[in-house]
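Report on the structure
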Amino acid sequence: MTLVPSTSIYGFGEHEHPSFKHDMNFVRYGMFSRDQSPAAFSNLYGVHPFYMCIENDFNAHGVLLLNSNAQDVTLSPFPSLTFRTIGGVLDFYMFLGPTPENVIQQYTEAIGRPYMPPYWSLGFQLCRWGYNSIDVLKKTVERLRQYDIPHDPFLTKDEPQGSYKPYELGEELGIWVNNSDGVTPVVGKAWPPGDSVYPDYTNPQTAEWWIHMCTEFKSVLDYDGLWIDMNEPANFHYSLHPDCEENNLNYPPYVPDITGGLLAEKTLCPNSKTYLGYHYDTHSLFGWSQAKPTFYASQNATGKRAFVLSRSTFVGSGKYTGHWLGDNFSRWKDMHMSIIGMLEFNLFGIPYVGADICGFNEETTYELCLRWMQLGAFYPFSRNHNAIGNKEQDPGAFGEEFAEISRSALRTRYLLLPYLYTLFYHSHVNGNTVVRGLMHEFPSDPQAQEIDRAFLWGPALMIAPVLEEGARAVNVYFPEASWFDFYTGGRVSVSWKKRFAEVPAPLDVIPLFIRGGYILPTQFPARTTELSRQNPFSLIIAPDEQGEASGSLFWDDGDSIDSIEREEYFYVEYQFSNKALKATVTKNGYRGIATLAYETIQVLGFTSKPNVFLNGQTIPSNRIQYSSNGKTTLWISVPLFQELTISFEY
């Protein structure tokens, strides 16, 4: 048990709970990876015994208990935390901040920086379990093209019958998780016909087998990345455990507060044997141990930057994989839960995260799916995913109005991809969060510590989605800063600062706001990331109250392995002060930058139309547009690699 300096506690996972900031009224969370659709306070797919605390003096710290055994933590109003684990060692790590962002930077320095995703994986993805035929898949793709809806990869979860070579080779190598005798493989059941065995990924030989099998499969079915599912590990024969004999491993004297109350439920007997020891100790490491060889399998097979998506995760998984929030439901509350989950996984060092847009289980509705398409356009991992037997819910399935509104939200996403990609660069290099709560940027604001119905991309863009049926307005809290409406460029009323304000949100709008003090790089959107990457760039400059702003742009070919480590990338820093923009290129290692150019520069908050000078040359007045709300748009044509100085006089 430990006392904590405040009740502002965040983290611990993976669970579903009603708020990002934890309830401290004797709430207990069990942690033991489980094949479990999101349900209130249940232990879900991953294990993350890490929390962050914002103290009463507004400094932040983080604590990790690096322990893979079944465990629980009780949050009490004293305030205090009580940890209980049934094995391993009490291996605590402390991260002293002092800011929330510092805490996560320090945490990911210890557990591994998040991987750099390929650019294509930031596009909108469509998937369902049960397209059932290639013709249905083709029809779905054609529907999206008809409505010009931005999209990138498609995934399907149909289960084709295939070769038994992976089993035969694995049997020969002896790489399965074994029963308590250490010799005979554990036999369970998952989705494919027949029984299943379980690769023991803690065994180095298994990693070699897996990489070989995945690489060989590339010649059977071409792919760009790998999705690993059911890796808690799941077992449908959980009620039939002839080998779960009565002993303290299978039925320990104390069972943490986990769903079902049995360690073997939905998985393997705890006295099963792995390379590293009993399953009792290694159970929650299954997904983590699978992620690393899958990362290298994807890399080896494609010759390009790895893409891995895993359902089960553990401390450090973000170095090799992203995560989706599991088999959610087509319910309004699940949209809110997805924001909380997304914020938490950014704390856990897994910023490539998202929920199944429109819901996986149950039937969606027109309005729910439409609002979810708007919210999901701002998940780092943006994917509409549906269960077998449910009606189609892709953005082309509901008719022209739905498609048009979805297209608008996704085009905004694709417009902002250069900013999002740059955030992932900072995450990979420095350990920053990509999506963050308002409390990350405004820790001294007690109200910001409570906000979890709106969120930020990096420090600069606030997303305030509609999360209630029938709502046509959103109550948005604006912390102490200058804020600008993303769509109009107009300044948010000063009277809204540090207050909730009712913001209109008709059915075709998700409210977005730019924080003063920042510069966002954008690119004209197209229907795919590949086409978008060829388009002109723009900058949106939103000065703070001192008239200053800063930002940056990272750019490379989008899918090369280790382009950052090999310095094959382009990086430019932007600084706006004294009514002048300066673009300074600090790395020019990507040759593809030569074909790209700036097309527009937008500056928000001016009080009159300025005279503009580009590198000392006057810009003609007909290439400058000034709006009465203070937005000034400048049309230029300058190569992206060229350093800029743009001065504004008025």
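See the structure above.
Throughout what follows, the structure given in this document is the object of discussion. (Residues numbered from 1 in each chain as written. Predicted model: local features only at pLDDT ≥ 70, side-chain atom pairs only at ≥ 80, totals over all residues. Heavy atoms only, no water.)

**Looking at the environment of Asp485**
One can find Asp485 in strand S23 (residues 483–485). Sequence separation between Asp485 and Ile514 is 29 residues, and the spatial gap between their C-alpha atoms is 6.4 Å. There is a polar contact of 2.8 Å between the side chain of Asp485 and the backbone nitrogen of Tyr487. (Helix = DSSP H or I, 4+ residues; strand = E, 2+ residues; numbered from the N terminus. Polar contact = N/O pair within 3.5 Å; in protein donor to acceptor, adjacent residues only side chain to side chain.)

**Quick look at the sheet that holds strand S19 (residues 435–436)**
Spatially, the five strands line up as an open sheet ordered S19-S20-S21-S25-S23, and their pairing is antiparallel. The two strands at the open ends of the sheet, each matched to only one other strand, are S19 and S23. Of the strand pairs in this sheet, strand S21 (residues 461–463) and strand S25 (residues 512–515) are connected by three bridges, and their pairing is antiparallel. Residue pairing for S25: Ile463 is matched across the bridge by Leu512. (Pairing = 2+ DSSP bridges.)

**Some words on the packing of aromatic side chains**
Inspection of the entire model under this criterion finds 51 aromatic pairs. For the pair Trp129 and Phe360, a centre-to-centre distance of 6.5 Å together with 5° between the ring planes defines the contact as stacked. With Trp129 in the loop between strand S9 (125–128) and helix H2 (134–146) and Phe360 in the loop between strand S17 (356–357) and helix H8 (366–376), this residue pair connects regions lying 231 residues apart in the sequence. The pair Trp129 / Phe360 is uniform in exposure class, with both members buried. Residues Tyr201 and Trp210 carry aromatic rings whose centres are separated by 5.6 Å and whose planes lie at 80° to one another, so their mutual orientation is edge-to-face. (Phe/Tyr/Trp six-rings, centres within 6.5 Å; stacked < 30°, edge-to-face > 60°. Buried < 20%, exposed > 50% of the residue type's maximum accessible area, 1.4 Å probe, protein only.)

**Some remarks on the pattern of salt bridges**
A complete count under the given rule lists 26 salt bridges for this structure. The partner of Asp356 in a salt bridge is Arg383, and the shortest N-O contact between them spans 2.9 Å. With Asp356 in strand S17 and Arg383 in strand S18 (residues 383–386), the pair connects residues that are 27 residues apart, well separated along the chain. Each member of the pair, Asp356 as well as Arg383, is classed as buried. Linked through salt bridges whose partners overlap, the residues forming this network are Asp35, Asp229, Glu232, Arg311 and Asp327. (Salt bridge = Lys/Arg side-chain N within 4 Å of Asp/Glu carboxyl O.)

**Things to note about the sheet that holds strand S4 (residues 48–54)**
Strands sit in the order S2-S4-S5-S8 across an open sheet of four strands; the sheet is antiparallel. Of all the strands in the sheet, the pair left with one neighbour each is strand S2 (9–13) and strand S8 (92–95). Across the sheet, the mean angle separating the axes of adjacent strands is 10° when strand polarity is ignored. In the sheet, S4 pairs with strand S5 (residues 60–65) via five bridges, with the strands oriented antiparallel. When the sheet's bridge partners are listed, Ile54 is paired in S5 with Ala60. Sitting on the sheet, helix H1 (residues 100–111) touches S4, S5 and S8, and the angle it makes with S4 is about 155°. (Axes fitted to C-alpha atoms, helices over the stretch in contact; angles between N-to-C directions. Contact = heavy atoms within 4.5 Å.)

**A closer look at the state of the cysteines**
This model, assessed by the stated rule, comprises two disulfides. One disulfide in the model links Cys244 with Cys269; its S-S distance is 1.9 Å. Judged by the torsion about the S-S bond (-110°), the Cys244/Cys269 disulfide is left-handed. Pair noted here: Cys244 is in the loop between strand S11 (226–228) and strand S12 (273–274) and Cys269 is in the loop between S11 and S12, with a separation of 25 residues, a long-range link. For Cys244, a relative accessible area of 10% gives the class buried. Given a relative accessible area of 6%, Cys269 falls into the buried group. The residue that forms a disulfide with Cys358 is Cys369, at a sulfur-sulfur distance of 2.0 Å. Between Cys358 and Cys369, the disulfide has an S-S torsion of 80° and is therefore right-handed. Residue Cys358 is located in the loop between S17 and H8, and its partner Cys369 is located in helix H8; the two are separated by eleven residues in the primary sequence. (Disulfide = S-S within 2.5 Å.)

Nothing here speaks to function; it is geometry throughout.
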